[in-house]
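Okay, here's what each chain looks like letter by letter:
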Amino acid sequence: MHSVELEKPLVLIYNKKSILHLFLIFGSEEVFFMNKWVSVALCICGLGLGGMMLTGDSDGGRVLIENAPYITDGKINPDHEGKVVIVAGKLKTEEPAADEELGISFDSPIIRRNVHVMVEKGSGSDIKRSWESMASSNIARMYKSAPPVITFYGVVKAGDFILDKTLLKKFAAGVNVNSLPRTVSYKGTPLYHETESGIHYLTNREQSLVFPHLDGDYRISYTKSSLEENQEKTLVGIQKGNRLLGEGTVDGIEFFGQEWNGILTREKILKNNDNFDFILTVLGYALSVALIAGGIYSFKKS
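Residues numbered from 1 in each chain as written. Predicted model: local features only at pLDDT ≥ 70, side-chain atom pairs only at ≥ 80, totals over all residues. Heavy atoms only, no water.

Asker: Mind showing me how you'd approach the overall build of the protein here?
Answerer: Counting its secondary structure elements, the protein contains six helices and 19 strands. Residues counted as buried form 33% of the 302 residues belonging to the protein. Across the protein, contacts joining residues at least 24 apart in sequence account for 65% of those joining residues at least 6 apart. Carbon and sulfur atoms make up 57% of the accessible area of the protein, which amounts to about 18,400 Å² in all. (Helix = DSSP H or I, 4+ residues; strand = E, 2+ residues; numbered from the N terminus. Buried < 20%, exposed > 50% of the residue type's maximum accessible area, 1.4 Å probe, protein only. Contact = heavy atoms within 4.5 Å. Areas by Shrake-Rupley, 256 points an atom, 1.4 Å probe, with all protein chains shown as cover.)

The structure is reproduced here in structure tokens:
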């Protein structure tokens, strides 16, 4: 493709018609080769995914759960250090989560600070404004004065075990927080309370009927976990001191922790995992076949 482009300046062109003709020739060849490469890439991706599905070892984690100590009294046994353990019982919040930068504490052990920035696009009478999330790396680079999106964790215990944040992050934090202070400050900038569509925000621009939010203005909302005090859970994690980790390597096997509502038996946990693995396997093979078929079809059409 590059050689064709380099050759273009060496061709003598005498009129607009011949320019268009040459462009169509070179352009069609370029598209042809591009389509061929896309077809090959699709097939390679499909074959690679299929190979991963065939050679992937999903039984390692199952064996770790099969051999994991099942703990119902919340006691820590030093003999289980570094091993996968199953802890079943009630959870207790020792310390709720807090956004110390804004000086706000919450009634939940898991809080996510969501930040959106007003972004202006266009110019003159064609300016369009929209709220964009600071979770986007491009927005975060453009508007560095706005606070970052972050999740705060308190201290939650299951018996004597402290749940590490690598395990707590598996708990969803999707419940809107509606109780926010009227005014706070972030790095010396006053923030004001406002509500839109039932969602409560803290914003750096005081509400005004004359001046709406402008480019660079930001607003903060919070979501929390639905985890309740003394809620029964079954946790699968790695014992590390007095902490229960949500990820790590055990006996050379990369393991990711799990959390289940209620008190589940080992057999129920294994059955749930088998069902989930089966769904992932079916979806993986279906995607592999679709990529290969798409590549072959694209190759024949190009």
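Read on for the rest.
Asker: Looking at this structure, how should I read the nonpolar core?
Answerer: Within soluble globular proteins, side chains that are nonpolar tend to cluster in buried spots. Counting 22 residues, the largest nonpolar core has Leu102, Leu191, Leu202, Tyr218, Ile220 and Tyr222 as the members making the most contacts within it. Breaking this core down by element, the ones donating at least two residues are strand E5 (110-121), strand E11 (183-186) and strand E14 (218-224). If you tally residues by element for this core, the top one is E5, at four residues. Excluding anything up to four places from it in sequence, Leu191 contacts Leu102, Arg182, Thr183, Val184, Ser185, Tyr186, Leu202, Thr203, Asn204, Tyr218 and Ile220. Core analysis: the next-biggest nonpolar cluster, separate from the first, contains 15 residues, Ile71, Leu91, Ile110 and Ala158 among them. (Core = buried A, V, L, I, M, F, W, Y, C linked by side-chain atoms within 4.5 Å.)

Asker: Any chance you could explain the pattern of salt bridges here in plain terms?
Answerer: Side-chain pairs of opposite charge can arise where the charged atoms are in close proximity. Counted according to the given criterion, the structure contains 13 salt bridges. With its nearest N and O atoms 2.9 Å apart, the salt bridge here joins Arg129 to Glu120. The exposure class assigned to Arg129 is partly exposed, which follows from its relative accessible area of 42%. Assessed through its relative accessible area of 28%, Glu120 is described here as partly exposed. A salt bridge links Glu247 to Lys169; the shortest N-O distance between them is 3.5 Å. In this pair, Glu247 is assigned in strand E17 (residues 247-250) and Lys169 in the loop between helix H5 (165-168) and strand E10 (175-176), connecting sequence segments 78 residues apart. We classify Lys169 as partly exposed; its relative accessible area is 47%. Several salt bridges share partner residues, and in doing so they unite Arg62, Glu66 and Asp274 into one network. (Salt bridge = Lys/Arg side-chain N within 4 Å of Asp/Glu carboxyl O.)

Asker: Whenever I open this one, unusual backbone geometry confuses me. Can you help?
Answerer: Most peptide bonds are trans, and most residues other than glycine sit at a negative phi. Within the chain, Lys187 stands out as a residue other than glycine whose phi angle is a positive 50°. Of note, Lys187 is situated in the loop between E11 and strand E12 (189-196). At Asp251, a residue that is not glycine, the phi angle is positive and equals roughly 55°. With respect to the helices and strands, Asp251 occurs in the loop between E17 and strand E18 (253-256).

Asker: Explanation requested: the confidence of the model for the protein in the structure shown.
Answerer: Predicted coordinates in areas of low pLDDT are best not read in detail. On average, residues of the protein score 82 in pLDDT, and 74% of them reach the 70 mark or higher. Low pLDDT, under 50, characterises residues 1-33; the stretch is placed with eleven contacts to residues that sit more than four places away or in other chains. (pLDDT = per-residue confidence, 0-100.)

Asker: Hey, could you run me through the pairing of E18 in this one?
Answerer: Successive residues of a regular strand alternate their side chains across the two faces of the sheet. Two strands pair when backbone bridges link them, and E17 and E18 are joined in this way by four bridges, in the antiparallel orientation. Across the sheet, the residue bridging to Glu247 is Phe256, located in E18. Between E17 and E18, which follow one another and run antiparallel, lie two residues, and Asp251 among them has a positive phi close to 55°. (Pairing = 2+ DSSP bridges.)

Asker: What is the right way to read the environment of Asp215 from this model?
Answerer: The residue Asp215 is located in the loop between strand E13 (199-203) and E14 in this model. The sequence separation of Asp215 and Lys121 amounts to 94 residues, and the corresponding C-alpha distance is 9.0 Å. Those residues in contact with Asp215 that sit more than four places away from it in its chain are Met118, Val119, Glu120 and Tyr143. A polar atom in the side chain of Asp215 sits 2.9 Å from the backbone nitrogen of Glu120. (Polar contact = N/O pair within 3.5 Å; in protein donor to acceptor, adjacent residues only side chain to side chain.)

Asker: Could you clarify how one ought to interpret the packing of aromatic side chains in this entry?
Answerer: Where two aromatic rings form a pair, the distance of their centres and the angle of their planes describe that pair. Counted according to the given criterion, the structure contains one aromatic pair. Ring plane angle 50° and centroid distance 4.8 Å describe the contact between Phe106 and Tyr222, whose orientation is recorded as tilted. Taken together, the positions of Phe106 in the loop between strand E4 (104-105) and E5 and Tyr222 in strand E14 put the pair 116 residues apart, joining distant regions of the chain. You'll find Phe106 and Tyr222 in the same group, each marked buried. Across from the ring centre of Tyr201, 3.9 Å away, lies the NZ or CZ of Arg219, which sits over that ring. (Phe/Tyr/Trp six-rings, centres within 6.5 Å; stacked < 30°, edge-to-face > 60°. Lys NZ or Arg CZ within 6 Å of the ring centre and 35° of its normal.)

Asker: Can you walk me through the side chain of Asp164 in this structure?
Answerer: Among the secondary structure elements, Asp164 is positioned in the loop between strand E9 (161-163) and H5. There is a polar contact of 3.1 Å between the side chain of Asp164 and the side chain of Arg243. Apart from residues lying up to four places away in sequence, Asp164 is in contact with Arg243, Leu244 and Leu245.

Asker: How do you make sense of the environment of Arg141 when you look at a structure like this?
Answerer: Looking at the secondary structure, you find Arg141 in helix H4 (residues 137-142). On the accessibility criterion, Arg141 (54% relative accessible area) is exposed.

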